[in-house]
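What follows is each chain in one-letter form.
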Amino acid sequence: MAVLRRGDASPRGSAAKVVHAAASPYGSRRLIVETDGDVTVAYLKDARDSVVGATWVANHRKAPPELDQSRLDAGRAPLLPESHVHHPPGRAALDAEALEVVWFEEGDGVAVLEAGDPLFVIPGWSDMGRGIPGYARDATRQSPFAFPLDEEIKDFGPRIDQAREHWKRCHADGSWAEFQQSVLGHLLQRLGPSGHYWHDVGRQLASGRTGVAPTVGVSERPARGDRDFTVLSTVGMSRQRMPTVELYEDDVAPYGRIELAVASTLPSQKAGSIFPWLAQYPWRSVTWFAPGDVVKWYHEARTFPLGGGESSWEGVLLLDDPSRLAGPEAPALTGLTLNGDAVRWLWLVPITGEDHRYAKSEGSDALIRRLAQQGRSWVISQERSG
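Computed from a prediction, not measured in an experiment: that's the story for all the values here.

Q: Describe in detail the confidence of the model for the chain, supporting the description with residues and values.
A: Across the chain, the average pLDDT comes to 91, with 91% of residues at or above 70. Note that residues 9-13 has pLDDT below 50 and, in this model, 14 contacts with residues that lie over four places away or in other chains.

In structure tokens:
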């Protein structure tokens, strides 16, 4: 069994038996619960099979007076000492049939229930490299291997319930159509009648992966009398909160749900081809998009969707306030909420490789100021795309 340590991808020491395994709905995390007969532990692994979070779960034989260092030295998960456990004699082995896995809607954390009661939680902030394990019901004191779950159950309990309800809604008949219509109705009010609609754009880059959620479409709102540009908007990213926001923001609600938008005079098919790259990006890469973020194109610059073969664009700036750049007045897309969270639209503005490096060095605010001084528009036009 692997020691509870970040990066361990395969067990060492004595053979371990997998009690339960499950992949997240986004395919970016995998839960492994395993035991060597003496101890059960749980690992949260990334797509490369590296451990990103872990927790001791239970002892199955008499707890030692102190931590058994010899097990750690042998590469085996520790028996927690009697002072750290609810069941010093050891508890019975886990019954896989009694376990329920509940992924948080962000996909970066997971809870496991035993016969309906929380057994352990590995949240998105679990990091064994920094000595932050998951939370276990059978732990009574903090250690590098587990924190007591009962100390945080007032926070985790409602979150587990919310996650269960989220996935229940997602799997319910008609749920997607209801969500989709609420977003499309909002866009109708803000941007006028729709044109073409593209379904499941995020699946293009998610092919071959386990888990393909979230579902994301793209809605076209053609130019009309009060604007000479088309707006393309994702529909579906806001259905679930983005991962890792809580690591950076005390209040997740204003930042957790987004949709992306592009304003352009390019052919819609061409401009819309930017979205398969970004639609599932936060959940695929276990990160979040914040206003001012710059995202580098994953392939050669000449293949960048918003430019021609000679384009110098190599990424995008995510802008929540288009008025900071040149161009016409931007349509207001605020006002949509989901489960009490405001949905934020982030506009995509193409940037060069040098722009990207400048933002990384000086910050996104400095980049936005420089682009404004250059007269860069937030509307993508044919002249600037090639």
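Q: Give a description of the sheet that holds strand β3 (residues 39-46) that names residues and reports values.
A: Overall, antiparallel pairing links the four strands, which are arranged β1-β2-β3-β4 in an open sheet. Two strands lie at the open edges of the sheet, namely β1 (17-23) and β4 (51-59), each paired on one side alone. When strand polarity is set aside, the average angle formed by the axes of neighbouring strands in this sheet is 15 degrees.

Q: Go over the pairing of strand β11 (residues 217-221), please, and point to the residues and values.
A: Across the five residues of β11, five count as buried, placing the element largely inside the fold. Neither face of β11 is open: one carries Gly 217, Ser 219 and Arg 221, the other Val 218 and Glu 220, and all of them are buried. Pairing of strand β10 (residues 197-198) with β11, which is carried by two bridges, proceeds in the antiparallel orientation. For Trp 198, the partnering residue across the bridge sits in β11 and is Val 218. Here β11 pairs with strand β12 (residues 230-235) via five bridges, running antiparallel.

Q: Go over the packing of aromatic side chains, please, and point to the residues and values.
A: If you walk through the whole model with that rule in mind, you get 15 aromatic pairs. Taking the centre distance of 5.4 Å and the plane angle of 80 degrees together, the rings of Phe 229 and Trp 378 count as edge-to-face. Here Phe 229 is found in the loop between β11 and β12, whereas its partner Trp 378 is found in the loop between α9 (364-373) and α10 (382-385), with 149 residues between them in sequence. Overall, Phe 229 belongs to the buried group, its relative accessible area being 2%. When the centroid spacing of 6.1 Å and the interplanar angle of 85 degrees are considered together, the rings of Tyr 255 and Trp 288 count as edge-to-face. Taken together, the residues Tyr 255 in the loop between β12 and β13 (257-264) and Trp 288 in the loop between α7 (281-285) and β14 (294-296) connect sequence positions 33 residues apart. Judged by relative accessible area, Tyr 255 falls into the partly exposed class, the value being 24%. Three or more aromatic residues joined by ring pairs form one cluster here, namely Trp 125, Tyr 135, Phe 147 and Phe 156.

Rules used throughout
- Residues numbered from 1 in each chain as written.
- Predicted model: local features only at pLDDT ≥ 70, side-chain atom pairs only at ≥ 80, totals over all residues.
- Heavy atoms only, no water.
- pLDDT = per-residue confidence, 0-100.
- Contact = heavy atoms within 4.5 Å.
- Pairing = 2+ DSSP bridges.
- Helix = DSSP H or I, 4+ residues; strand = E, 2+ residues; numbered from the N terminus.
- Axes fitted to C-alpha atoms, helices over the stretch in contact; angles between N-to-C directions.
- Buried < 20%, exposed > 50% of the residue type's maximum accessible area, 1.4 Å probe, protein only.
- Phe/Tyr/Trp six-rings, centres within 6.5 Å; stacked < 30°, edge-to-face > 60°.

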